[in-house]
Amino acid sequence: MRVKEKHVNALVIIGLIALPLFALISDEPFTITLATRAVILALAAVGLNIILGMGGLVSFGHALFFGIGGYTMGILAYHAQTYTTLDLGLFATGGTEFMPVIWVVAMVVSAVLAYLIGLLVLRTSGVYFIMITLAFAQMFYYFAISWAQYGGEDGLSIYVRNDFPGLNTLVPIQFFCICFVILCLVLFLKARLQNSPFGLALNAMRQTATRVETVGLNPMKLKLLAFVISGAITGLAGALFADLNRFVSPTMFSWQLSGELIVLIIIGGVGRLMGPVIGACIFVALEHFLSGLTEFWHIYLGLILLGIVLFARGGVIGLLTGKEGAHV
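All of these numbers come straight from a predicted model, not from anything done at the bench.

Check the secondary structure of the chain and you find 13 helices and 4 strands. Taken over the C-alpha trace, the chain has a radius of gyration of 20 Å; the compact-globule value for 328 residues is 20 Å, and the two agree within 12%. Viewed in the frame of its principal axes, the chain has a C-alpha envelope of about 55 × 50 × 40 Å. A total of 328 residues make up the chain; the buried ones form 50% of that total. Long-range contacts, defined as pairs at least 24 residues apart, comprise 78% of the intrachain contacts of the chain with a sequence gap of at least 6. As displayed, the chain offers around 15500 Å² of accessible surface, 68% of which is attributable to carbon and sulfur atoms.

Listed below in structure tokens is the structure:
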């Protein structure tokens, strides 16, 4: 029996609301934390899915922006909590613990970096694009390891979670609500982008770049704008993830994390609106339940991924709706 994709999307949203509420009633705060982790990873994967599903660009270094967002949060919060000055050369600041300001700074820094890197990496394609994005992420990974001022390879701990007006962010359900609302807003933005002239042009470029050029559009500009938007969203997810753990480390730049984001999208469905969300929920559930049984739980994840690639090209959503996802 096939179901409509909009029904699947609605069930996923309802499930994400119901699980933390059930955990709250059952007094299981750790389950709420797991749901929050899934929401944040889904947010990062939604950012990646903009260039992967809509633009056909396979970035194996998107953890770069995730890590930039995390370190932006960590550095600003560290200087605010230690009452030290953050010297930025042209001006100095004392840092901040105010979440909305941190989010804006994380998104701006990630977007600017995505623009600068995009000017270079988007001149390549295929395996060369994959490898050069990986190379940039690894450069920042090793830079973070050697950055002794902010913990080096030991990472940087934040004493308390940052502030949001009217809420106690240390309460798991309240922090979950913040992350969930942000995810819903980004999903709405993604849906509008997908159906906008920009999204249609980006999708057309993914299929046939030459035809896009013949109607007067610049594929490079389309890809660069998508790359910047993608980087900003992933940077926001990194800031939230660092706040969730109250800790940042060089592993946020690791190629393993970049690979996990791609896996989340493939599991849920490439190019699907809720594909990254379903993939993140499945990934976090497997990580939680199977890691308690064996340290080799990635084997089971690999088998699931293999089955999806071979028998469900559209991911879980494609399997339920009977439609394949985007081909990249």
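More follows now that the structure is in view.
Here we come to the nonpolar core. Formed by 104 residues in total, the largest nonpolar core has its most connected members in Leu-43, Leu-64, Leu-183 and Phe-227. The biggest single contributor to this core is helix α2 (residues 29-54), with 17 residues. Apart from the residues within four sequence positions on either side, Phe-227 is in contact with Ile-51, His-62, Phe-65, Ala-114, Ile-117, Gly-118, Val-121, Leu-122 and Phe-129.

A separate point is the side chain of Asn-162. Residue placement: Asn-162 occurs in the loop between β3 (156-157) and α6 (172-195). Look at Asn-162 and you get buried, because its relative accessible area is 0%. Looking at Asn-162, its side chain comes within polar contact range of the side chain of Asp-243, at 3.1 Å. The residues contacting Asn-162, other than those within four sequence positions of it, are Met-73, Ala-77, Gln-81, Thr-96, Glu-97, Met-99, Ile-102, Thr-169 and Asp-243.

Before going further, it helps to examine the packing of helix α4 (residues 99-121) against helix α9 (residues 219-245). At a minimum axis separation of 7 Å, α4 and α9 run at an interaxial angle of 145 degrees. Crossing of α4 against α9: the hand is right-handed. For the pair formed by α4 and α9, the contact residues are Met-99, Trp-103, Ala-106, Met-107, Ser-110, Ala-111, Ala-114, Tyr-115, Ile-117, Gly-118, Leu-119 and Val-121 on the first element and Met-220, Leu-224, Phe-227, Val-228, Gly-231, Ala-232, Gly-235, Leu-236, Ala-239, Leu-240 and Asp-243 on the second. Counted by class, the contact of α4 with α9 contains 18 nonpolar, 4 polar and 1 charged residues.

Going through the model one piece at a time under the given rule, you end up with 2 salt bridges. Residues Arg-272 and Glu-5 are paired through a salt bridge, measuring 2.7 Å at the closest nitrogen-oxygen approach. Of this pair, Arg-272 sits in the loop between α10 (255-268) and α11 (275-291) while Glu-5 sits in helix α1 (residues 5-25), placing them 267 residues apart in sequence. With a closest N to O distance of 3.2 Å, Arg-37 and Glu-287 form a salt bridge. Within this pair, whereas Arg-37 is found in helix α2, its partner Glu-287 is found in helix α11, the two being separated by 250 residues in sequence. Residue classification places Glu-287 among the partly exposed positions, given a relative accessible area of 22%.

Thresholds, definitions, all that
Residues numbered from 1 in each chain as written. Predicted model: local features only at pLDDT ≥ 70, side-chain atom pairs only at ≥ 80, totals over all residues. Heavy atoms only, no water. Helix = DSSP H or I, 4+ residues; strand = E, 2+ residues; numbered from the N terminus. Rg over C-alpha atoms; globule rule 2.2 N^0.38 Å. Buried < 20%, exposed > 50% of the residue type's maximum accessible area, 1.4 Å probe, protein only. Contact = heavy atoms within 4.5 Å. Areas by Shrake-Rupley, 256 points an atom, 1.4 Å probe, with all protein chains shown as cover. Core = buried A, V, L, I, M, F, W, Y, C linked by side-chain atoms within 4.5 Å. Polar contact = N/O pair within 3.5 Å; in protein donor to acceptor, adjacent residues only side chain to side chain. Axes fitted to C-alpha atoms, helices over the stretch in contact; angles between N-to-C directions. Left-handed = near helix turned anticlockwise from the far one by under 90°. Nonpolar A, V, L, I, M, F, W, Y, C, P; charged D, E, K, R; others polar. Salt bridge = Lys/Arg side-chain N within 4 Å of Asp/Glu carboxyl O.

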